[in-house]
Amino acid sequence: PGRDFVASLASLAARLARQVFRAQWADCRLPGCTIANLAAVLCFASRGDRVLAPAPSDGGHLSQRRGGTPSVLGLVVDDLPFDRDRQRLDSEAAAAQICRTAPALVVLGRSVILGPDDLEPVVAACRETGALSLYDASHVAGLIAGGVFPNPLAAGVDLMTTSTYKTLAGPTGAIVLGRSADHGARFSMFADGALLANQDAARFAPLCGVLAEFAESGAYAALTIDLAERLKRALVNAGLPVLLPDRPAETHQVVVPVGNLETTRRVMAELEAANVLVGRCPVPGSPGQHGLRFGSQLIARQRFSEPMRRAASPVVGRADGASALSLGLLPAIEVFLNQL
């Protein structure tokens, strides 16, 4: 009972996702992008196939990278080359690698992503060799939906997966999209037969609401970039180490390198004691090095939802006995918050 209504919400979500991301097909039924990547690999690759994906030290997610989901499924995973100075995929080297190794699948997109990659050489190499390309847009989906980050599907990437939270600010879940109707039919049949005995139908209504916001106005995507740039300038002006300090922010992320894992965790704890919560990430291109990854999307979402009301800024506390880095970060963060 009620199945037709649930199906209508799932269909509406898929239609809105196709519209927002300019895709030929979309499936919004999976519970998260780790599962979506698992499903895509299971559907479009076979045990023993070669996969190229971002290295763990360059921000590759466990569902993409060597030692993670593809390896568990019996795939041979090689790291894609990375340009440390530009904090981008080394696209020309990646294209040469594709032509040399002829992989079945090339996985693009990273968890640490400070700007768009040049996808044209990679897409051309995939077409030349018959490799399938998949872009994990989990961290930048809202920016793509809002038109402030290049759409990988428009660049010719075959498949795109994304979580529905982070910059998209929807409920927990995933969307799988693509450019080919044949791929869509194949994926839907696979998901129906192997992964979707049951699902959380309550996700569809709020997901439809979020996608409709982006379809209508681009939502808060531009504000997200603007706030990231304000935070980045506050940190740079305070003399703090920031990745790509001379370039404006191009995503919601701002990364401050710290050092080894133990030191980074200590700085995180010091900031938490001062009421500042910030996550950790690898410093792309610097194996063994870690840093703080700030994100502007939540504040942007709050401003978009309540534009007429100035929300109270978080209270930044003291960090008694903290490291020099923490003591330098806190005033810079206060400068940023006071601009809101």
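Everything below is about the structure shown above.
1. Things to note about the sheet that holds strand β12 (residues 290–295)
Strand order in the open sheet made by the three strands is β10-β12-β11, with antiparallel pairing throughout. A strand with exactly one partner marks an edge of an open sheet, and here the two such strands are β10 (253–259) and β11 (279–282). The average angle at which neighbouring strand axes cross in this sheet is 40°, direction not considered.

2. As for the environment of alanine 155
With respect to the element layout, alanine 155 can be found in the loop between α6 (141–145) and β8 (159–163). Between the C-alpha atom of alanine 155 and that of valine 122, which follows or precedes it by 33 residues, the distance is 9.9 Å. Alanine 155 has contacts with Leu119 and Val123, leaving out every residue within four places of it along the chain.

3. Comments concerning the environment of arginine 47
Tracing the chain through its elements places arginine 47 in the loop between α2 (33–44) and β2 (50–53). Each C-alpha atom, one on arginine 47 and one on valine 276, is 44 Å from the other, the two residues being 229 residues apart in sequence. When neighbours within four sequence positions are excluded, arginine 47 is seen to be in contact with Val72, Leu73, Gly74 and Leu75.

4. Comments concerning helix α5 (residues 120–129)
Residues lying three or four places apart along an α-helix face the same way, a consequence of the helix completing one turn every 3.6 residues. All of the buried residues in α5 are Pro121, Val122, Val123, Ala125 and Cys126. Where α5 is buried, its residues contact β5 (88–89), α4 (91–101), β6 (105–108) and β7 (132–136). Looking one or two residues beyond α5, the residue adopting positive phi is glycine 130, at roughly 85°.

5. A closer look at the packing of aromatic side chains
Taken as a whole, this structure holds three aromatic pairs when the rule is applied. Plain terms: the ring middles of tyrosine 220 and phenylalanine 304 are 5.9 Å apart, the flat faces sit at 50° to each other, and that makes the pair tilted. With tyrosine 220 in the loop between α8 (204–217) and α9 (221–237) and phenylalanine 304 in helix α11 (residues 297–305), this pair connects stretches of sequence that are 84 residues apart. Judged by relative accessible area, which is 28%, phenylalanine 304 ranks as partly exposed. Aromatic ring contacts, followed pair by pair, group Phe214, Tyr220 and Phe304 into a single cluster.

6. Section: unusual backbone geometry
Positive phi, normally seen in glycine, also occurs at glutamine 87, with a value near 55°. Among the structural elements, glutamine 87 can be located in the loop between β4 (82–83) and β5. Relative accessible area serves as the criterion here: at 5%, glutamine 87 is assigned to the buried category. Backbone geometry at lysine 166 places phi at a positive 55°, although glycine is not the residue there. For lysine 166, the position within the fold is in the loop between β8 and β9 (174–178). Residue class for lysine 166 comes out partly exposed when judged on its relative accessible area of 25%.

7. Re the nonpolar core
The nonpolar side chains of a soluble globular protein tend to be buried, and buried together. Grouped together as the largest cluster of nonpolar side chains are 79 residues, with contacts concentrated most on Phe21, Tyr135, Leu235, Phe294 and Leu329. If we ignore the near neighbours within four places in the chain, the residues touching leucine 235 are Leu240, Val242, Val254, Val256, Phe294, Leu329 and Ala332. Core analysis: the second largest hydrophobic core is formed by 25 residues, Ala39, Ala40, Leu75 and Leu159 among them.

8. Some points on the sheet that holds β8
The strand order across the open sheet built from seven strands is β1-β9-β8-β7-β6-β2-β3, with neighbouring strands paired in mixed fashion. Every other strand in the sheet has two partners, leaving β1 (25–27) and β3 (76–79) as the edge strands with one partner each. Neighbour-to-neighbour, the strand axes of the sheet open up by a mean angle of 20°, direction not taken into account. Across four bridges, the pairing between β2 and β3 is parallel. Bridged to valine 51 within β3 is valine 77. On top of the sheet, α4 reaches β2, β3 and β6; it is set at about 175° to β2, its chief contact.

Reading guide: rules and limits
Residues numbered from 1 in each chain as written. Predicted model: local features only at pLDDT ≥ 70, side-chain atom pairs only at ≥ 80, totals over all residues. Heavy atoms only, no water. Pairing = 2+ DSSP bridges. Helix = DSSP H or I, 4+ residues; strand = E, 2+ residues; numbered from the N terminus. Axes fitted to C-alpha atoms, helices over the stretch in contact; angles between N-to-C directions. Contact = heavy atoms within 4.5 Å. Buried < 20%, exposed > 50% of the residue type's maximum accessible area, 1.4 Å probe, protein only. Phe/Tyr/Trp six-rings, centres within 6.5 Å; stacked < 30°, edge-to-face > 60°. Core = buried A, V, L, I, M, F, W, Y, C linked by side-chain atoms within 4.5 Å.

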